[in-house]
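Descriptive analysis of the structure
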Amino acid sequence: MTFVFLGLFAILLALIVRSSLGQPRVFLKVLIHVLGGVVGLWLLNLLLTVIGLHIPINLFTILLVGLLGFPGVLALTVLQLLGI
């Protein structure tokens, strides 16, 4: 599973470089945000395993983090801490 997320991270970096070289289209921006959300959630799960928490990576969490960015990650972390 780690190789999958590392592959997604490599794709994310390639898309970021591609969008910085020219005028990014809306689809490319959305794809960058969604992939960033997936990779960010995976990295956060790696860090949260130290204290015993886990945020599931599913369509809802990916879309939330993809749309809201870092505040979405904070919201998911707070909801997990509260047990909701």
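About the cut-offs
Residues numbered from 1 in each chain as written. Predicted model: local features only at pLDDT ≥ 70, side-chain atom pairs only at ≥ 80, totals over all residues. Heavy atoms only, no water. Helix = DSSP H or I, 4+ residues; strand = E, 2+ residues; numbered from the N terminus. Buried < 20%, exposed > 50% of the residue type's maximum accessible area, 1.4 Å probe, protein only. Contact = heavy atoms within 4.5 Å. Areas by Shrake-Rupley, 256 points an atom, 1.4 Å probe, with all protein chains shown as cover. pLDDT = per-residue confidence, 0-100. Axes fitted to C-alpha atoms, helices over the stretch in contact; angles between N-to-C directions. Left-handed = near helix turned anticlockwise from the far one by under 90°. Core = buried A, V, L, I, M, F, W, Y, C linked by side-chain atoms within 4.5 Å. Polar contact = N/O pair within 3.5 Å; in protein donor to acceptor, adjacent residues only side chain to side chain. Patch = residues over 30% accessible without salt bridge, like charges linked within 9 Å, V, L, I, M, F, W, Y side chains within 5 Å. Salt bridge = Lys/Arg side-chain N within 4 Å of Asp/Glu carboxyl O.

The number of helices and strands found in the protein is four helices and zero strands. Moving toward the C terminus, one meets the helices and strands of the protein in the order α-α-α-α. Seen through its principal axes, the protein has C-alpha atoms that stretch 45 × 25 × 15 Å. Expressed as a percentage of its 84 residues, the buried residues of the protein come to 31%. Contacts in the protein between residues far apart in sequence, at least 24 positions, make up 47% of those at least 6 positions apart. As displayed, the protein has an accessible area near 5,800 Å², and 78% of this comes from carbon and sulfur atoms.

Further remarks concern the confidence of the model for the protein. Mean pLDDT over the protein works out to 83, with 99% of the residues at or above the 70 mark. The weakest mean pLDDT in the protein belongs to helix 1 (residues 2–21) at 82; the strongest belongs to helix 4 (residues 70–82) at 86.

Another point: the packing of helix 2 (residues 26–48) against helix 3 (residues 59–68). Packed helices, taken two at a time, are described by the angle their axes make and the gap between the axes. Interaxial distance between helix 2 and helix 3 falls to 8 Å at its minimum, and their mutual angle equals 115 degrees. Relative to helix 3, helix 2 is oriented so that their crossing is right-handed. Where helix 2 abuts helix 3, its residues His33, Val34, Gly37, Val38 and Leu41 lie against Thr61, Ile62, Val65 and Gly66.

Before going further, it helps to spend a moment on the nonpolar core. Counting residues in hydrophobic clusters, the biggest one holds nine residues: Leu41, Leu44, Leu48, Leu53, Ile55, Leu64, Val65, Val73 and Leu76. Mapped by element, the contributors of at least two residues to this core are helix 2, helix 3 and helix 4. Of all the elements, helix 2 adds the most residues to this core, at three residues. Excluding residues within four positions of it along the chain, Ile55 makes contact with Leu41, Leu44, Asn45, Leu48, Thr61, Leu76, Thr77 and Gln80.

Let's shift gears to the side chain of Thr61. Turning to its location among the elements, Thr61 is positioned in helix 3. At 3.0 Å, the side chain of Thr61 and the backbone oxygen of Pro56 are in polar contact. Setting aside its immediate chain neighbours within four residues, Thr61 contacts Leu41, Ile55, Pro56 and Leu76.

Attention now moves to a nonpolar patch on the surface. Nonpolar side chains collect at one region of the surface, where Leu59, Leu63, Leu67 and Leu68 lie side by side and expose about 450 Å² of accessible area between them. Tracing the backbone through its elements, the reader meets Leu59 in helix 3. Taking the relative accessible area as the measure of exposure, Leu59 reaches 63% and is therefore exposed.

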